[in-house]
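# What the coordinates show
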Amino acid sequence: MTAAPSTSQLAPHSAEAYQAQLAALLPQGRAWPRETGSTLMRLLLAKADELARVDGRAADLLEEVDPRTTLEMLDDWERVAGLPDNCIPAPDSIAERRAALLARLTGQGGQSRAYFVELAAAMGYAVTIDEFGPFVAGSLAGQDLNGDAWAHAWRVNVQPPAVDTGEGFTITYFTAGSDAGERLAGFGSLDLECVISRARPAHSIVLFSYPVEPEPIAWFDFTLD
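These notes cover the structure that comes with them. (Residues numbered from 1 in each chain as written. Predicted model: local features only at pLDDT ≥ 70, side-chain atom pairs only at ≥ 80, totals over all residues. Heavy atoms only, no water.)

## Remarks on helix α5 (residues 113-122)
Restricting attention to buried positions, one finds in α5 the residues Phe-116, Leu-119 and Ala-120. Relative to the axis of α5, the buried residues are bounded by an arc of 95° and lie together on one face. Facing away from the buried side of α5, by more than 90 degrees, are the exposed residues Glu-118 and Ala-122. Elements that come into contact with the buried residues of α5 comprise β1 (126-131), β2 (153-159) and α6 (190-199). A positive phi of about 90° marks Gly-124, the residue just after α5. (Buried < 20%, exposed > 50% of the residue type's maximum accessible area, 1.4 Å probe, protein only. Helix = DSSP H or I, 4+ residues; strand = E, 2+ residues; numbered from the N terminus. Arc of directions from axis to C-beta. Contact = heavy atoms within 4.5 Å.)

Right, here's the structure in full:
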């Protein structure tokens, strides 16, 4: 997509400019005075106000047809693009909504490791990807004894942030008050799982791994005094 036009290219004509154009179309003679403040000039200025308003709205339309500058039609753009979706809630700011819209319209998809790593990075996550395969004749010693179902399986390893901000990569453990069916350990990156699961090749199975150190329920001191 090419760069958006500059504001100077979209500047509408003023009411005074339209008044001058209308006055230039009048016949010559004393019956058609051009003096500022005359009844005729005030009449032309009233008509010029509406022409300038329409001209300004036409300039606004040029802004609205570009998803990078749209404002009044942002809701319609999002409706056409299917935003917000089930994976990511609606952003708070106009700039973030425009960025999400542009990403949806210009996204080309992909099936490579690099594509999914970049997809996660755009959401603020650092990941690595492992691919698997079945154990067959000729497989190397030490290779996992995977069955045929692993031919199209791959794993996304979600890395914790370098600085813990309390957002994104969070862990919630199953407790006595949790509902049936909840995960024993829930992670605050379900938006990442949703986006990658939606973008994965349809024939593949994607798994997610989190480097979490188990927390012991109780500590025992076996040392003797």
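## Here we look at the packing of aromatic side chains
Under the defined criterion, the tally for this structure stands at 3 aromatic pairs. Taking 5.1 Å as the distance between ring centres and 75° as the angle between the ring planes, the aromatic pair formed by Tyr-115 and Phe-116 counts as edge-to-face. You can call Tyr-115 partly exposed: its relative accessible area is 21%. Given the relative accessible area of 3%, Phe-116 is considered buried. Between Phe-132 and Trp-150 the ring centres are 5.1 Å apart and the planes differ by 75°, which places this aromatic pair in the edge-to-face class. With Phe-132 in the loop between β1 and β2 and Trp-150 in the loop between β1 and β2, this pair connects stretches of sequence that are 18 residues apart. The class of Phe-132 is buried, set by a relative accessible area of 18%. What makes Trp-150 partly exposed here is its relative accessible area of 31%. An aromatic cluster of three or more residues is present, and its members are Tyr-115, Phe-116 and Trp-154. (Phe/Tyr/Trp six-rings, centres within 6.5 Å; stacked < 30°, edge-to-face > 60°.)

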